Amino acid sequence: MSGELSPIDKAKFVAAKRSTDFVEDGMRVGLGTGSTAAWMVRCLGELVREDGLKIRGVPTSTRTAELAREVGIEVVSLDEAKWLDVTIDGADEFDGNLNLIKGGGGALLQEKIVATASDQMVVIADIGKEVENLGAFPLPVEVIPFGWQTTKSLIEELLVSMDVLGRDATLRMNGDHPFVTDEGNYILDLHLGRIGNPHQMAMVLNQMPGVVENGLFIDICDVVILGYGDGKVETRDINQGTVEEERLDFVESDNLFTDLQE
Ligand code: 5RP
């Protein structure tokens, strides 16, 4: 079955697999959203089913909640868990300071709340997500539907005074309709090209009425696990200042792949 996976999927898988080393019996674990995070949920599910790992998972979207239940992970709400030992999630971009752009999957609000309520945030990614400067990936901003066009115009105006290359904002669509988040909000994608000052951008955007949250994760991520298509995995810990390299065997497991319909 693994032979059918593309190098990018193998990279995501090995990063996800390595991230399970951060999870121990009894932990409360934030479960991210996206294709890389889905691998991690499957890997944890296998450990729960086959090795008796006991964890409680707090999902960051309805689709992650569904997958987690499907693979056998006990799902609880953030308020039930209160605080998390670790959150493991993907990212759309990360820079040398492990600052991130997230929200490509539209789950940035829950993802940021859950990651912020965790002792540690571990990001799992393939090499394509590493950038020198954040901003090539359009920055998702969650806005309330009321007056969204006005909010969009105000954001575009605000961007004139910011250190960015582009200033267009587009409403994310789902077919003919606006994409709607789990909280019933819309997403504006900001095509900035390059964000000169991500800290400032994150703060200024959140001061705008109508903006619920933005996809910049500043000083939240502790560890990035970078997967490669040949099984190499690099673990960078920003607090310890360490970089570890290893190679994971790509073990075929029918259990892991049976739910691969997405
Ligand atoms: C969802 C996210 C995802 O983590 C991000 O889009 C990366 O997704 P993938 O692992 O599929 O590349 O932020 O809101």
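This is a predicted model, so every value here is computed, not measured.

### Side note on the domain arrangement of the protein
Taken as a whole, the protein is organised into domain 1 (2-131 + 219-247) and domain 2 (139-215). Spacing between the C-alpha centres of domain 1 and domain 2 amounts to 25 Å. With 15 residues of domain 1 at the interface, the matching set in domain 2 holds 15 residues. Buried surface at the junction of domain 1 and domain 2, both sides included, amounts to about 1,200 Å², of which 54% is carbon and sulfur. Per-residue buried area on domain 1 facing domain 2 is highest for Leu108, Leu109 and Lys112; these three make up 42% of the total on that side. Inspection of the region where domain 1 meets domain 2 yields one salt bridge. Ionic pairing is found between glutamate 213 and lysine 112, a salt bridge with its closest N-O pair at 2.8 Å. Listing elements by their share of the side of domain 1 that touches domain 2, those giving two or more residues are β6 (100-101) and α5 (108-116).

### Description of the site of the ligand
Taken together, 17 residues surround the ligand, and among them Ser35, Thr36, Asp92, Gly103 and Lys129 come closest. Note that an oxygen atom of the ligand is positioned 2.5 Å from one of the side-chain N or O atoms of threonine 36. Between an oxygen atom of the ligand and a main-chain N or O atom of alanine 107, the distance comes to 3.1 Å.

### Let's talk about the environment of methionine 40
Mapped onto the fold, methionine 40 is located in helix α2 (residues 35-51). Spatially, the C-alpha atom of methionine 40 lies 18 Å from that of aspartate 119, the residues being 79 residues apart in sequence. For methionine 40, the contacting residues outside a window of four places in its chain are Ala16, Ser19, Leu31, Gly32, Ile88 and Ile124.

### What to know about the nonpolar core
Within the largest apolar cluster, 32 residues are counted, with the highest numbers of intra-cluster contacts made by Met40, Leu44 and Ile73. Those elements that provide at least two residues to this core are α1 (7-19), β1 (28-31), α2, α3 (62-70), β4 (86-89), β7 (121-126) and β15 (223-227). Top contributing element to this core by residue count: α2, with eight residues. Not counting chain neighbours up to four residues away, the residues in contact with isoleucine 73 comprise Leu31, Val41, Leu44, Gly45, Val48, Ile55, Gly57 and Ala68. Grouped together as the second largest cluster of nonpolar side chains are 26 residues, Ile101, Leu134, Leu190 and Ile195 included.

### Some details on the packing of aromatic side chains
Following the criterion strictly, the structure yields two aromatic pairs and no others. Residues phenylalanine 13 and tryptophan 39 carry aromatic rings whose centres are separated by 5.4 Å and whose planes lie at 80° to one another, so their mutual orientation is edge-to-face. Taken together, the positions of phenylalanine 13 in helix α1 and tryptophan 39 in helix α2 put the pair 26 residues apart, joining distant regions of the chain. Summarising the burial analysis for this pair, phenylalanine 13 and tryptophan 39 share the class buried. Each ring, one from tryptophan 148 and one from tyrosine 186, has its centre 6.3 Å from the other, and the planes form 75°; the classification is edge-to-face. Of this pair, tryptophan 148 sits in helix α6 (residues 148-159) while tyrosine 186 sits in strand β12 (residues 186-191), and the two are 38 residues apart along the sequence. Of the two residues, tryptophan 148 and tyrosine 186, neither departs from the other in class, the shared state being buried. For the cation-ring pair, arginine 42 lies above tryptophan 39, with the distance from its terminal atom to the ring centre recorded as 5.0 Å. The ring of phenylalanine 179 has arginine 172 sitting right over it, with the charged end atom 5.6 Å from the ring centre.

### Some remarks on the packing of α1 against α2
Working note: a packed helix pair is described by the angle between its axes plus the distance between those axes. Contact pair α1 / α2: the axes reach a minimum separation of 8 Å and the direction vectors enclose 50°. One element, α1, and the other, α2, form an angle in the oblique class. Every pair of crossing elements has a handedness; the one defined by α1 and α2 is right-handed. Residues Asp9, Lys12, Phe13, Ala16, Lys17 and Ser19 of α1 lie in contact with α2, whose contacting residues are Ser35, Thr36, Trp39, Met40, Cys43 and Glu46.

### Describing the sheet that holds β15
Reading across the sheet, the eight strands line up as β3-β2-β1-β4-β7-β15-β16-β17 and stay open at both edges, with mixed pairing between neighbours. The sheet is open, and its two edges are formed by β3 (74-75) and β17 (242-247), each paired on a single side. With three bridges connecting them, β1 and β4 associate as parallel partners. Within β4, the position partnered with leucine 31 by the bridge is isoleucine 88.

Rules of the game
- Here the residue index of a chain counts from 1 through its sequence in written order.
- Predicted model: local features are reported for residues with pLDDT of at least 70 only, side-chain atom pairs are reported and counted for 80 or more only, and whole-chain, interface and lining totals are derived from all residues.
- For the side-chain quantities, the full set of heavy atoms in the structure was used; hydrogens and water were omitted.
- For every domain, the bounds stem from an assignment made automatically or drawn from a database.
- We call two residues contacting when some pair of their heavy atoms lies within 4.5 Å.
- Note on terms: buried area is the combined drop in 1.4 Å-probe accessible area of two parts once they are placed together, counting the loss on both.
- The salt bridge definition used is simple: a Lys or Arg side-chain nitrogen within 4 Å of an Asp or Glu carboxyl oxygen.
- In this description a helix means any DSSP run of H or I spanning at least four residues, a strand means any run of E spanning at least two, and both kinds are numbered starting from the N terminus.
- Any residue with a non-hydrogen atom lying within 4 Å of a molecule or strand is treated as near it.
- Polar contact is the term for a pair of N or O atoms within 3.5 Å; when the atoms are in protein, one must be able to donate a hydrogen and the other to accept it, and sequence-neighboring residues count only if both atoms are side-chain atoms.
- Throughout, nonpolar core names a set of buried Ala, Val, Leu, Ile, Met, Phe, Trp, Tyr and Cys residues whose side chains join them through atoms within 4.5 Å.
- Here the term buried applies to any residue with accessible area under 20% of the maximum for its type, exposed to any over 50%, and partly exposed to those in between, with areas from a 1.4 Å probe on protein chains only.
- In summary, the pairing rule links any two rings of Phe, Tyr or Trp, Trp by its six-membered ring, whose centres are within 6.5 Å, and it sorts them by plane angle into stacked for under 30 degrees, edge-to-face for over 60 and tilted for everything else.
- Two conditions define a charge sitting above a ring: the NZ of Lys or the CZ of Arg must be within 6 Å of the ring centre, and it must be within 35 degrees of the ring normal.
- Whenever a helix is involved, its axis is fitted only over the stretch in contact; in every case the axis is a line through C-alpha atoms, and angles between N-to-C directions fall within 0 to 180 degrees.
- An angle below 35 degrees is read as roughly parallel, one above 145 as roughly antiparallel, one from 65 to 115 as roughly perpendicular, and any other as oblique.
- If you view the pair so one helix is near and one far, a crossing is left-handed when the near helix is turned anticlockwise from the far one by less than a right angle, and right-handed when it is turned clockwise.
- The pairing criterion for strands is at least two bridges between them, as found by DSSP.

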